[in-house]
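Here are the chains, one letter per residue:
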Amino acid sequence: MGKIAFIFPGQGSQTVGMGQSLVNESEKSAKVFQKADERLGFSLSDIIFNGPSETLTLTENAQPALLTTSVAVLELLKEHGIKADFTAGHSLGEYTALVAAGAISFEDAVYAVRKRGEYMEEAVPAGVGTMAAILGMDESELQAVTEEVTAGGDTVQLANLNCPGQIVISGTKKGVEDASQLAKERGAKKVIPLVVSGPFHSILMKPAAEKFGAVLNKIEIRNAEIPVIANVTAQAMTESEDIKEKLIQQLYSPVRWEKSVETMLDLGVDTFIEIGPGKVLSGLVKKVNRRVNAYAISDQETLLDVVNKLKGDA
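Since the model is a prediction, treat every value here as computed from it, not as a measurement.

Observations concerning the environment of E79
With respect to the helices and strands, the residue E79 is situated in the loop between α5 (59-78) and β2 (86-89). Sequence-wise, E79 and K184 are 105 residues apart; in three dimensions their C-alpha atoms are separated by 49 Å. Apart from residues no more than four positions distant in its own chain, E79 is found in contact with S26 and K28.

Laid out in structure tokens, this is it:
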């Protein structure tokens, strides 16, 4: 059997009620939610389990909520002795990957992503920035479109390079609208405006990154016990200083997810396990390479399915 990568979802995968069944079935998972509430000083678990959806979707709530739920699933998986050779996460999910790799404690991570969410919200006034998914266009062609629009005075750049033919752009509202229009004219199959509260992973997030550096100085970042594939470079990182630097850059740099998956494939990974709510990343992995195993675990039932498959293959 080849190597295993644990991958962790980012913002957008949250749903009210996620993780509720874990709390009922596992004491270790229940403790994760309890620790989050204690570290943040309010009942995050109440927002996760009971909503309302508008409150859970706020960036400063969605980020710690997803991290907490994913770590609760991870605790359950640990009980079955399944270990990862590599970890990676999409944007916010990189923090969960670092927790899984032993580089950051869960309590520090939940505090950091709460702050990260607050600073991201504050960086650009609501309604000024946005994002859109561009389908069916080559990266270099879309790069040329964004550079052309930016040169005209409205910032827009590539933000998430997710899989072949799926790239998200981010910037000012006008920049994204103009680039979306130009991309369609130049052959993009489809443009989907995203319902987001800001221009994430764009240069407009620089003010958030500067503030966020002070938060990372307050928490302990250790060397990772297993390599984490960084969003910014799509390369493995293990050194604490390198991790800290990449987390700051990540706020205003593109998420190189397609290249991250390719890096893991090159390193011998043939099984990807998405841990946490939803199936977005396992779907993207399959679009990068159809032949690999990509599973999604969000509760006890999906966990047992995957564990049995892995033990059957061993």
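Overview of the domain arrangement of the protein
The domain boundaries assigned to the protein delineate domain 1 (3-123 + 204-311) and domain 2 (129-194). If you average the C-alpha positions of domain 1 and of domain 2, the two centres end up 26 Å apart. Tallying the contact residues gives 13 residues for domain 1 and 13 residues for domain 2. Where domain 1 meets domain 2, there are one salt bridge. K259 is paired through a salt bridge with E139; the nearest N and O atoms lie 3.9 Å apart. Between the two partners, domain 1 and domain 2, sit six residue pairs in polar contact (both at pLDDT 80 or more). When residues of the side of domain 1 that touches domain 2 are traced back to their parent elements, those giving at least two are α12 (257-266) and α13 (280-288). Here the side of domain 1 that touches domain 2 is built from residues that sort into seven nonpolar, two polar and four charged.

Considerations on the sheet that holds strand β5 (residues 166-172)
Here four strands make up an open sheet; going across it, the order is β4-β5-β3-β6 and the pairing antiparallel. With partners counted over all chains shown, the strands left at the sheet margins are β4 (156-163) and β6 (190-193), one partner each. The sheet shows a mean angle of 25° between the axes of neighbouring strands, taken without regard to direction. Pairing of strand β3 (residues 129-135) with β5, which is carried by seven bridges, proceeds in the antiparallel orientation. Looking at β5, one finds that A132 is bridged to I169. Together, β3, β4, β5 and β6 form the strand contacts of helix α9 (residues 173-185), whose direction differs from that of β5 by roughly 140°.

Points about the side chain of S202
Following the sequence through the fold, S202 ends up in the loop between β6 and α10 (206-218). Using a relative accessible area of 0% as the deciding quantity, one classes S202 as buried. Within the structure, the side chain of S202 is placed 2.9 Å from the backbone oxygen of P199, a separation counted as a polar contact. Excluding its chain neighbours within four sequence positions, the residues that come into contact with S202 are Q157, S170, G171, L251 and Y252.

Some details on helix α6 (residues 93-100)
Because the α-helix completes a turn every 3.6 residues, residues three or four places apart line up on one side. The buried count for α6 comes to seven of eight residues, which makes it a mostly enclosed element. For α6, every residue scored as buried is listed here: G93, E94, Y95, T96, A97, L98 and V99. Phi turns positive one or two residues past the end of α6, at G102, with a value near 80°.

A word on the environment of Q250
Inspection of the secondary structure assignment puts Q250 in helix α11 (residues 240-250). Residues Q250 and E60, spaced 190 residues apart in sequence, show a C-alpha to C-alpha distance of 17 Å. Excluding residues within four positions of it along the chain, Q250 makes contact with S91, E94, Y95, R116, H201, N231 and V232.

Focus: the packing of aromatic side chains
One pass over the full model with this rule turns up two aromatic pairs. Taken together, a centroid distance of 5.0 Å and an interplanar angle of 50° make the contact between F33 and F49 tilted. Of this pair, F33 sits in helix α2 (residues 27-40) while F49 sits in helix α3 (residues 44-50), and the two are 16 residues apart along the sequence. Its relative accessible area of 3% is what places F33 among the buried residues. In this structure F49 comes out as buried when scored by relative accessible area, which is 16%. Each ring, one from Y95 and one from F212, has its centre 6.3 Å from the other, and the planes form 70°; the classification is edge-to-face. Here F212 lies in helix α10 and Y95 lies in helix α6, a separation of 117 residues in the sequence. Neither Y95 nor F212 differs from the other in exposure class; each is buried. When the ring centre of Y111 is taken as origin, the NZ or CZ atom of R39, which lies over that ring, is 4.3 Å away. The ring of Y252 has K206 lying over it, and the distance from NZ or CZ to the ring centre is 4.6 Å.

Scoring rules and cut-offs
- Residues numbered from 1 in each chain as written.
- Predicted model: local features only at pLDDT ≥ 70, side-chain atom pairs only at ≥ 80, totals over all residues.
- Heavy atoms only, no water.
- Helix = DSSP H or I, 4+ residues; strand = E, 2+ residues; numbered from the N terminus.
- Contact = heavy atoms within 4.5 Å.
- Domains from an automatic or database assignment.
- Salt bridge = Lys/Arg side-chain N within 4 Å of Asp/Glu carboxyl O.
- Polar contact = N/O pair within 3.5 Å; in protein donor to acceptor, adjacent residues only side chain to side chain.
- Nonpolar A, V, L, I, M, F, W, Y, C, P; charged D, E, K, R; others polar.
- Pairing = 2+ DSSP bridges.
- Axes fitted to C-alpha atoms, helices over the stretch in contact; angles between N-to-C directions.
- Buried < 20%, exposed > 50% of the residue type's maximum accessible area, 1.4 Å probe, protein only.
- Phe/Tyr/Trp six-rings, centres within 6.5 Å; stacked < 30°, edge-to-face > 60°.
- Lys NZ or Arg CZ within 6 Å of the ring centre and 35° of its normal.

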